[in-house]
Amino acid sequence: MSSADTHRPQSEQKWLGPVTPSRMALIPSISAARWLLILIVAAGIYFFHGFLVPVLAALVIGFASWPLYRKLLKNVGGNTTVGATIAIILIITFLIVPIVIAASYTASEIREWFGWAVEANRYGAPVPEWISGMPGVGVWLTEQWTKYIGTPGAIGEVIQLVSGANIGNIYRAVLAAGNGAFHLILTLLFLLIALFFVYRNGASFSKQVDLLGERILPTRWERISRVVPATISSTVTGMTLIAIGEGIILGIAYWIAGVPSPVTLGVLTGVMALIPGGAPLSFTLVSIYLVASGSVAAGVGLFVWGSVELFIVDKTIRPRLVGGPIKLPFLPTFFGLVGGVKTMGFLGLFIGPVLMALLVAIWREWVREVELSSTPAETVDISASADGTQAPPPPLRKAAS
């Protein structure tokens, strides 16, 4: 080494290799990375929150139909692209198209209802004979009908008193709501696109979620990862699909019995079927209407048909489809249904109860863990044998059951 190199200033020699920093970092690198990740996630949620509803719906449908999709994937030789395409076509054919047809018929029938309400508000409507002829309450119902419906302008006064708007404004608002059809079609399109990628890349995505879950919840993730798919499958199959089936079957029964607006009543029955006891209440009220209007045979037949259909579904079809459903209490189910519709619109009918079922299932798992953690000490005191030895605690699966 030359003398020039030995006498080079130390400020130049620092550029030749790593130098120990003379100051401490204001924020550690790990903390900075975590905060940066949180900010990126928050920004992503802010910019893409409009896609949250279709993505959640796609995840719910994907979880619920994953066992069937795996069988389909075996039949196509494991090609995920072909399997996802066929699954999307089947969902469009057997789920999306019937829902769209029912929604169009329902919208037309509701438009007729509002048209009748506008005419009744303008000219008044006479009391139906079946209302005035009802025993016991016929006179009182006739007076109420004449006061609130039979007098011209009475409906508008009632609605103005309740909502601060007259019947004409509400009718125009309902007609203007039809402009939201484009938004609904766009949401369904995003749902199908997201569902396609859920089917095609679901296996690899679930492995990544398992890796993150085991890092975040190392002691609970194994149980939660088994509870969540079972909860979604049981909720969607046991509540949503069966509710849709009951709405279709009872809607056809309404049409055969001659009930006005059978499609709308069938849709309402399907929505009510999501709530425990909602379907029996729906067809019972329709049966009472038929009997009161003079169609006694049709009303009795509808009630018998609804009772038999409900018994068959609850005793045979539901246990086979669900295989141990997670039964929710009435209040969480009702909150999930109403909150889902208020927050997410039509798709909230399916997403709201599922999210509520997940919350209830995770809560039950935590309570069960607490109970199991306190069970061995109590079991040791009670199960001591005669020779002084103590029996082991029961297995986890038996204790959990």
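Described in the following lines is the structure provided in the data block. Just so it is clear, the model here is predicted, and its values are computed rather than measured. (Residues numbered from 1 in each chain as written. Predicted model: local features only at pLDDT ≥ 70, side-chain atom pairs only at ≥ 80, totals over all residues. Heavy atoms only, no water.)

Description of the packing of helix 4 (residues 52-75) against helix 5 (residues 80-123)
- As a packed pair, helix 4 and helix 5 sit with axes 10 Å apart at the nearest point and diverge in direction by 120°. Taken together, the axes of helix 4 and helix 5 lie oblique to each other. By crossing handedness, the relation of helix 4 to helix 5 is classed as right-handed. On helix 5, the residues that touch I61, Y69, L72 and L73 of helix 4 are T80, G83, A84, I86, A87 and I91.
- Here the contact of helix 4 with helix 5 is built from residues that sort into eight nonpolar, two polar and no charged. (Axes fitted to C-alpha atoms, helices over the stretch in contact; angles between N-to-C directions. Helix = DSSP H or I, 4+ residues; strand = E, 2+ residues; numbered from the N terminus. Parallel < 35°, antiparallel > 145°, perpendicular 65-115°, else oblique. Left-handed = near helix turned anticlockwise from the far one by under 90°. Contact = heavy atoms within 4.5 Å. Nonpolar A, V, L, I, M, F, W, Y, C, P; charged D, E, K, R; others polar.)

Structural notes on the side chain of S282
- Along the chain, the position of S282 falls in helix 13 (residues 278-292).
- Given a relative accessible area of 10%, S282 falls into the buried group.
- Non-local contacts of S282, meaning those with residues more than four positions away in its chain, are made with Y254, T269 and M272. (Buried < 20%, exposed > 50% of the residue type's maximum accessible area, 1.4 Å probe, protein only.)

Quick word on the packing of helix 4 against helix 11 (residues 221-257)
- Running from N to C, helix 4 and helix 11 point in directions that differ by 90°, and their axes come no closer than 8 Å. As judged from the angle between their axes, helix 4 and helix 11 are roughly perpendicular. Between helix 4, through V60, F63 and A64, and helix 11, the contact on the second element is made entirely by P229, I232, S233 and V236.
- Within the contact of helix 4 with helix 11, the residues separate by chemical class into six nonpolar, one polar and no charged.

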